Amino acid sequence: MADPVIDILVPAYNAEPTIREAIDSLRNQTVRNIRIVVVDDGSTDATGRILAEMAAQDGRIVVLTQPNGGIVAALTYGLSVCRAPFIARHDADDLAAPDRLERQIRHMEEHPDCVAVSGSGSHIDAQGRPTGGRVRLARIDKADPFWIPAREPYLPQPFLLMRRAAFDLAGGYRSLAVAEDSDLYWRLDDIGTLSNIDRNFGSYRVHAGSVSSASIRNGRSMAFWSQMAALSARRRRAGQPDQVFSPAELRRCEAAETLEEFFRAGCPGLTQAERSWLALALGMKLVALAFYRPYELDSADCAFIGRALRDRDVAIGRENRVEIAEHLMATATRLAAHGRFGDALKLVSPARYPVLLGRISFRLVLPSGLRDVFKRLAGRAQPA
């Protein structure tokens, strides 16, 4: 076989129900000169057997096996055998459209300044049935590590294609517990152009068993590491020494449960201004995650955010302040509607209590169908 143009990196852990279909979607790409590098991260189900069968059928599949070490360890191991000029990412439970790689390579050829590209896809459930949802795309040009929470230059990882040279220059994946992709994107953004294409590149599986959806504790971890990656980007842009995500820091964070514990684990080595920013950014990222994850803030989360809001050392622009207030009001309304009035009041200033009361009344009094109509009308009235 000729040297592959694209190495496709697929980490897999206990992916027995989905791995065959996921790999088949890569085998059926219109770009044929590819290598599919699958890292079995210590699976205890039939993942290894299925991969061995598929590798015997298709010489383009390379299977690596390691003791369970997490996604960064799996990616790093897989990259050790990748030699192609392009690296694609794919997850063990997602499906690639047949021409996904062809369209992405064409974009790279037409835009030589682009170092990484991804795009949208349709949501499927755990059984592979369409849900009607779509992968939301971030505005890369709006990325801002100083915003609260940071506006990340996010590329959907299941549909990612990168230039290998840019990936190496950026330093590859670093040892974050989660949000290792976001950390990489900030560093790639320092090198060249990132592109999100609003095209359907495949199917993204949405299920409660995913790492970021599994629990509120995992949500706090996601919030913490994503904001630490943004702090790292801030330092680089200011010409300051970069963050070093050490094994010691990882161990400190492994024991963290609450927002306060995550915050304190990240504080060593930060300036007072960075600590003040991190506290509020951490809380607001968790607020954002809770909008679409199957968990809710607890009382300690609300108290932590309330304290961070009172920190006068945090510099917040007017537009950012308005956005924070609106997100907190939406969360407070949701909490109050479930009888958690004390927690709701921690998130809004006394001056906005009448607004909160009005929203609670609107939510509780109107039938759900009519509320949905008002929400749609309100959404249409928003500026584009």
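Residues numbered from 1 in each chain as written. Predicted model: local features only at pLDDT ≥ 70, side-chain atom pairs only at ≥ 80, totals over all residues. Heavy atoms only, no water.

### Points about the packing of helix α6 (residues 180-189) against helix α7 (residues 216-237)
The following threshold applies: Working convention: axes come from line fits to C-alpha atoms, limited for helices to the stretch in contact. Angles between N-to-C directions cover 0 to 180 degrees. Numbering of helices and strands starts at the N terminus; helices are DSSP runs of H or I of at least 4 residues and strands are runs of E of at least 2. Between 65 and 115 degrees an angle is taken as roughly perpendicular, under 35 as roughly parallel, over 145 as roughly antiparallel, and anywhere else as oblique. The hand of a helix crossing depends on one turn: near helix anticlockwise from the far one by less than a right angle means left-handed, and clockwise means right-handed. For this analysis, residues touch if any pair of their heavy atoms sits within 4.5 Å. Side-chain classes follow a simple rule in which Ala, Val, Leu, Ile, Met, Phe, Trp, Tyr, Cys and Pro form the nonpolar group, Asp, Glu, Lys and Arg form the charged group, and the remainder, Gly included, forms the polar group.
Between α6 and α7, the least distance of the axes is 9 Å, while the angle of their chain directions is 20 degrees. For the element pair α6 / α7, the angle class is roughly parallel. Crossing handedness for the pair α6 and α7: right-handed. In contact with Asp183, Trp186, Arg187 and Asp189 of α6, α7 contributes Ala229, Ala230, Ala233, Arg236 and Arg237. Considering only residue class, the contact of α6 with α7 consists of four nonpolar, no polar and five charged.

### Details of the layout of surface pockets
Applicable threshold: Here a cavity means grid points, on a 1 Å grid over the protein atoms only, where a 1.4 Å probe fits yet cannot get out; a pocket means an open set of points with protein on both sides within 12 Å along at least five of seven lines; lining residues are those with an atom within 4 Å of a point. Grid points are joined across faces, edges and corners, and a volume is the space filled by probe spheres set on the points.
Considered as a void within the structure, the second largest pocket measures approximately 460 Å³ in volume. Secondary structure elements with two or more residues in the lining of the second largest pocket: α11 (299-309), α12 (318-337) and α13 (341-346). The dominant element in the lining of the second largest pocket, judged by the number of residues it contributes, is α12, at five residues. Among the residues forming the lining of the second largest pocket, the class breakdown is 13 nonpolar, two polar and six charged.

### Re the domain arrangement of the chain
Our working definition: The source of the domain bounds is an automatic or database domain assignment. When two components associate, each loses some accessible surface as probed by a 1.4 Å sphere; the sum of these losses over both components is called the buried area. Criterion for a salt bridge: a side-chain nitrogen of Lys or Arg within 4 Å of a carboxyl oxygen of Asp or Glu. By the criterion applied in these results, polar contacts are pairs of N or O atoms within 3.5 Å in which, for protein atoms, one can donate a hydrogen and the other can accept it, and in which residues neighboring in sequence qualify only through two side-chain atoms.
When cut into domains, the chain gives domain 1 (6-207) and domain 2 (214-378). For domain 1 and domain 2, the distance between their C-alpha centres works out to 28 Å. Counting residues at the interface gives 20 residues for domain 1 and 28 residues for domain 2. Buried surface at the junction of domain 1 and domain 2, summed over both partners, amounts to about 2,200 Å²; 59% is from carbon and sulfur atoms. Of all residues in domain 1, the largest losses of buried area upon contact with domain 2 belong to Trp147, Ile148 and Pro149, amounting jointly to 29% of the total for that side. Across the contact surface, domain 1 and domain 2 share six salt bridges. In this structure, the salt-bridge partner of arginine 174 is aspartate 242, at a minimum N-O distance of 3.3 Å. Linking domain 1 with domain 2 are twelve residue pairs in polar contact (both at pLDDT 80 or more), by the criterion used here. Its residues assigned to classes, the side of domain 1 that touches domain 2 comprises eleven nonpolar, one polar and eight charged.

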